[in-house]
Amino acid sequence: MRKIVMRLLKQLVPVALVAFAGGAIVGAVQGNWFLTLILGVATAVLAVLVYARVVRWSERRAPVEVAAQGAARAITRGTVIGVALFTAVIVNIALVGGYRIDGLGSPAGALGLFGFMAAAAVTEELLFRGILFRIVEERMGTWVALALTGLLFGLSHLFNPHADLWGAIAIAIEAGGMLAAAYAATRTLWVPIGVHFGWNFAAAGIFGTEVSGNGATQGLLHGVTSGPALLTGGGFGPEASPYAVVFGLLLTVAFMWLARRRGNVVPRRRRSTATLPQ
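Residues numbered from 1 in each chain as written. Predicted model: local features only at pLDDT ≥ 70, side-chain atom pairs only at ≥ 80, totals over all residues. Heavy atoms only, no water.

Student: How would you sum up the pattern of salt bridges? Please name residues and give values.
Tutor: Under the defined criterion, the tally for this structure stands at 9 salt bridges. The partner of Glu138 in a salt bridge is Arg7, and the shortest N-O contact between them spans 2.7 Å. Pair noted here: Glu138 is in helix H4 (residues 107–140) and Arg7 is in helix H1 (residues 2–28), with a separation of 131 residues, a long-range link. On the basis of relative accessibility, which here comes to 35%, the residue Glu138 falls in the partly exposed class. The exposure class of Arg7 is buried, given its relative accessible area of 16%. Note that Arg134 is salt-bridged to Glu65, the shortest N-O span being 3.6 Å. With Arg134 in helix H4 and Glu65 in the loop between helix H2 (33–59) and helix H3 (71–95), this residue pair connects regions lying 69 residues apart in the sequence. Looking at Glu65, the relative accessible area reads 3%, which means it is buried. Overlapping salt bridges bring together Arg7, Glu59, Arg61, Glu65, Arg134 and Glu138 as one network. (Salt bridge = Lys/Arg side-chain N within 4 Å of Asp/Glu carboxyl O. Helix = DSSP H or I, 4+ residues; strand = E, 2+ residues; numbered from the N terminus. Buried < 20%, exposed > 50% of the residue type's maximum accessible area, 1.4 Å probe, protein only.)

Shown next, in the form of structure tokens:
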């Protein structure tokens, strides 16, 4: 157990430092779309490089989960899934009168959000799926790791400005489980990074809605939400709507079915018991 804790710390601390420092810098220049774009992408790249380095150092292996080969294709595939998933959520909310487009938004704002969301998606996936989920899974199996890290991922969103308990629970169910399942199915971090980025960018950069209680955004469209918070997600954003929870759960089931079919589900390790001499 001590070795596991030390390995967690050796990997979590450096990546978390990049995430927090990068997040603070990107947040400080959010008024400038160009700097937000450049610094956000730079934070994402630096986080991957640091993650790869600490994995090599602490585990004495190549970090194949962030291998350069096939990265672009996997990120693109994940991004398409994330955008399609959020689009399905917002379309369903719109069909019952909870969302409408009130003109065009800000292309420059959308570019800034591209950098901001790239930094957020990459750093969060490295921390929660690349480190926490992967190491916990080795010891406790895929299902326990999925439930535990999903819960932690949801609770971490309670620190957002307009967060509430239901929003955190929704994130734990629809995103924490889904993104861990995406990693379990593919054994690459590029797919969950793409799904995470695609979902967040579609929410903020395309449809102009709130993301996880972080406040209003200026995306390509000027989106307006109205109606019962139970339907639209209220101040937390569409991620707290029942549509997001249902669609996220469906994708979690699909990814876990794929993981099981590929033989990627790790069983829980059982303690060996000593046999008493007869």
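Student: Explain a nonpolar patch on the surface residue by residue, including any values.
Tutor: Residues Leu148, Leu151, Leu152, Leu155, Leu158, Leu165, Trp166, Ile169, Ile173 and Leu249 make up a contiguous nonpolar surface patch of roughly 830 Å² in combined accessible area. Listing elements by their share of the nonpolar patch, those giving two or more residues are helix H5 (142–156) and helix H6 (165–186). For Leu158, the position within the fold is in the loop between H5 and H6. Residue class for Leu158 comes out partly exposed when judged on its relative accessible area of 37%. (Patch = residues over 30% accessible without salt bridge, like charges linked within 9 Å, V, L, I, M, F, W, Y side chains within 5 Å. Areas by Shrake-Rupley, 256 points an atom, 1.4 Å probe, with all protein chains shown as cover.)

Student: Account for the packing of H4 against helix H7 (residues 190–206), naming residues and giving values.
Tutor: At a closest axis distance of 8 Å, the pairing of H4 and H7 adopts a crossing angle of 145°. Crossing of H4 over H7 shows right-handed handedness. Here Ala110, Leu113, Phe114, Met117, Ala118, Ala121, Val122, Glu124, Glu125 and Arg129 of H4 come into contact with H7, specifically with Pro192, Ile193, His196, Phe197, Asn200, Phe201, Ala204 and Gly205. Across the contact of H4 with H7, the residue classes tally to 12 nonpolar, 3 polar and 3 charged. (Axes fitted to C-alpha atoms, helices over the stretch in contact; angles between N-to-C directions. Left-handed = near helix turned anticlockwise from the far one by under 90°. Contact = heavy atoms within 4.5 Å. Nonpolar A, V, L, I, M, F, W, Y, C, P; charged D, E, K, R; others polar.)

Student: Which residues make up H7, and what are the values?
Tutor: Within H7, 16 of the 17 residues are buried, which leaves it mostly tucked inside the rest of the structure. Remark: Gly208 follows H7 within two positions and exhibits a positive phi of approximately 65°.

Student: Could you give an account of the nonpolar core, with specific residues and numbers?
Tutor: Ranked by size, the top nonpolar core spans 70 residues in total, and within it Val15, Tyr51, Val66 and Leu126 carry the most contacts. Secondary structure elements with two or more residues in this core: H1, H2, H3, H4, H5, H6, H7 and helix H9 (242–261). It is H4 that provides the largest number of residues to this core, a total of 13 residues. Excluding residues that lie within four positions of it along the chain, Val66 makes contacts with Val48, Tyr51, Ala52, Leu126, Leu189 and Trp190. (Core = buried A, V, L, I, M, F, W, Y, C linked by side-chain atoms within 4.5 Å.)

Student: Outline unusual backbone geometry, supporting the account with residue identities and numerical values.
Tutor: Positive phi, close to 55°, is recorded for Arg60, a residue that is not glycine. Among the structural elements, Arg60 can be located in the loop between H2 and H3. Assessed through its relative accessible area of 66%, Arg60 is described here as exposed. Although it is not a glycine, Arg187 sits at a positive phi angle of roughly 55°. Counting through the fold element by element, Arg187 comes out in the loop between H6 and H7.

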